[in-house]
Amino acid sequence: KQEVTQIPAALSVPEGENLVLNCSFTDSAIYNLQWFRQDPGKGLTSLLLIQSSQREQTSGRLNASLDKSSGRSTLYIAASQPGDSATYLCAVNPGGGADGLTFGKGTHLIIQP
Amino acid sequence: DAGITQSPRHKVTETGTPVTLRCHQTENHRYMYWYRQDPGHGLRLIHYSYGVKDTDKGEVSDGYSVSRSKTEDFLLTLESATSSQTSVYFCAIAGTGGDGELFFGEGSRLTVL
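## A short note on the packing of aromatic side chains
Aromatic ring pairs are described here by two measures, namely the spacing of the ring centres and the angle between the planes.
Here's step 1: Taken as a whole and judged by the stated rule, the model has nine aromatic pairs over all chains.
Here's step 2: Taking 5.4 Å as the distance between ring centres and 90° as the angle between the ring planes, the aromatic pair formed by A:Phe36 and B:Phe104 counts as edge-to-face. Of the two residues, A:Phe36 sits in strand 4 (residues 32-38) while B:Phe104 sits in strand 10 (residues 102-104), which places them in two different chains.
Here's step 3: A residue is classified by how much of its surface remains accessible, and A:Phe36, at 0% relative accessible area, is buried.
Here's step 4: Note on B:Phe104: relative accessible area 10%, which makes it buried.
Here's step 5: Their ring planes at 65° and their centres at 5.9 Å tell us that B:Tyr64 and B:Tyr89 sit as a pair that is edge-to-face. In this pair, B:Tyr64 is assigned in the loop between strand 6 (54-57) and strand 7 (65-70) and B:Tyr89 in strand 9 (residues 87-94), connecting sequence segments 25 residues apart.

## Re unusual backbone geometry
Here's step 1: Geometrically, the link from A:Ile7 to A:Pro8 is a cis peptide bond, its omega value of 0° lying close to zero.
Here's step 2: Here A:Pro8 shows up in the loop between strand 1 (4-7) and strand 2 (10-14).
Here's step 3: Note that the residue after B:Ser7, namely B:Pro8, is joined by a cis bond; omega there is -10°.
Here's step 4: With respect to the element layout, B:Pro8 can be found in the loop between strand 1 (4-7) and strand 2 (10-13).
Here's step 5: Residues other than glycine seldom take positive phi values, yet B:Lys53 does so here, at roughly 65°.

## What to know about the state of the cysteines
Here's step 1: A full pass over the atoms with the stated rule returns two disulfides over all chains.
Here's step 2: In this model A:Cys23 forms its disulfide with A:Cys90; the gap between the sulfur atoms is 1.9 Å. Disulfide A:Cys23-A:Cys90: the torsion about the S-S bond is -60°, which places it as left-handed. Placement of A:Cys23 in strand 3 (residues 19-25) and of A:Cys90 in strand 9 (residues 86-93) is noted, with a sequence separation of 67 residues between them. Comparing A:Cys23 with A:Cys90, the two get one shared label, buried.
Here's step 3: Linked covalently through their sulfurs, B:Cys23 and B:Cys91 form a disulfide whose S-S length is 1.9 Å. When the S-S torsion is -70°, as for the bridge of B:Cys23 with B:Cys91, the disulfide is left-handed. Placement of B:Cys23 in strand 3 (residues 19-25) and of B:Cys91 in strand 9 is noted, with a sequence separation of 68 residues between them. Just as B:Cys23 is buried, B:Cys91 falls in that class too.

## Some details on the pairing of strand 8 (residues 72-77) of chain A
All names here are of chain A.
Here's step 1: Because side chains alternate across strand 8, one face comprises the buried residues Ser73, Leu75 and Ile77, and the other comprises Arg72, Thr74 and Tyr76, none of which is buried.
Here's step 2: In this sheet, strand 8 lies alongside strand 3 in antiparallel orientation, the contact comprising six bridges. Residue serine 24 lies in a different strand from strand 8, and its bridge partner there is arginine 72.
Here's step 3: As paired elements, strand 7 (residues 62-67) and strand 8 share six bridges and run antiparallel to each other. Bridge pairing in strand 8 places serine 65 opposite threonine 74.
Here's step 4: Connecting strand 7 to the antiparallel partner strand 8 that follows it, the hairpin turn spans four residues, and glycine 71 within it adopts a positive phi of roughly 70°.

## Remarks on the sheet that holds strand 1 of chain B
Residue and element names in this part refer to chain B.
Here's step 1: Across the sheet, which stays open at both edges, the four strands sit in the order 1-3-8-7 with antiparallel pairing between neighbours. At either end of the open sheet lies a strand with only one pairing partner, and these are strand 1 and strand 7. Ignoring which end each strand starts from, the neighbouring axes of this sheet average 20° apart.
Here's step 2: As paired strands, strand 3 and strand 8 (residues 73-78) are joined by six bridges and run antiparallel to one another. By the bridge assignment for strand 8, arginine 22 is matched with leucine 75.

## Observations regarding the sheet that holds strand 8 of chain A
Residues and elements named next belong to chain A.
Here's step 1: Taken in spatial order, the five strands line up as 1-3-8-7-6 in an open sheet, and their pairing is antiparallel. Two strands lie at the open edges of the sheet, namely strand 1 and strand 6 (56-59), each paired on one side alone. Going from strand to strand, the sheet's axes swing by 15° on average, the running direction of each strand aside.
Here's step 2: Inspection of the sheet shows strand 1 paired to strand 3 by four bridges, in the antiparallel sense. Bridged to glutamine 6 within strand 3 is cysteine 23.

Analysis parameters
Residues numbered from 1 in each chain as written. Chains lettered and ligands numbered in written order. Predicted model: local features only at pLDDT ≥ 70, side-chain atom pairs only at ≥ 80, totals over all residues. Heavy atoms only, no water. Phe/Tyr/Trp six-rings, centres within 6.5 Å; stacked < 30°, edge-to-face > 60°. Helix = DSSP H or I, 4+ residues; strand = E, 2+ residues; numbered from the N terminus. Buried < 20%, exposed > 50% of the residue type's maximum accessible area, 1.4 Å probe, protein only. Disulfide = S-S within 2.5 Å. Pairing = 2+ DSSP bridges. Axes fitted to C-alpha atoms, helices over the stretch in contact; angles between N-to-C directions.

Following this line, the structure appears as structure tokens:
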């Protein structure tokens, strides 16, 4: 059974710092990996999608990498801002079909002004 | 915006009563999913659908049933609600890009007293 772990569970950093969120998964046979952001009381917003054949994806100040063989992904946030405060979720898609995603429990990020 | 609407957004009910949550999408997506989100467990897949009248069970399907009589609506039913089903329920769709990216609704918060 696929298991997804996110470390750390919580992180608080001053504004302006660059930071890295980690995600690991136990079964390297994945179709893709997706990073989400969730604000309190809200739904999930898709940030980045990395296909199994890709090494990284970038969107603005966000960069996600994927090392499928070692079962790891990182989300890099450059020049953090208070508006980046949220919970970040990592999820893997095992087969690309209708199976849905397996989620980690998230990293709760606070950016101090 | 993936055009996903969940209803009701909030509901309080009593143990033993039936509850139906509705997920409506406007973009003719084939794949639809129901997840629940609980502290300490993260998001877990309840049921999913890969077309009209085609559904299958996820990780935590006991106590839930689903129906999809038309493409745009995916219904989640709790036949006899229990306190353990107090949760936030999220509907998701797989985008039409064929890349396996999932998009989520805003969630339905259910409290069973």
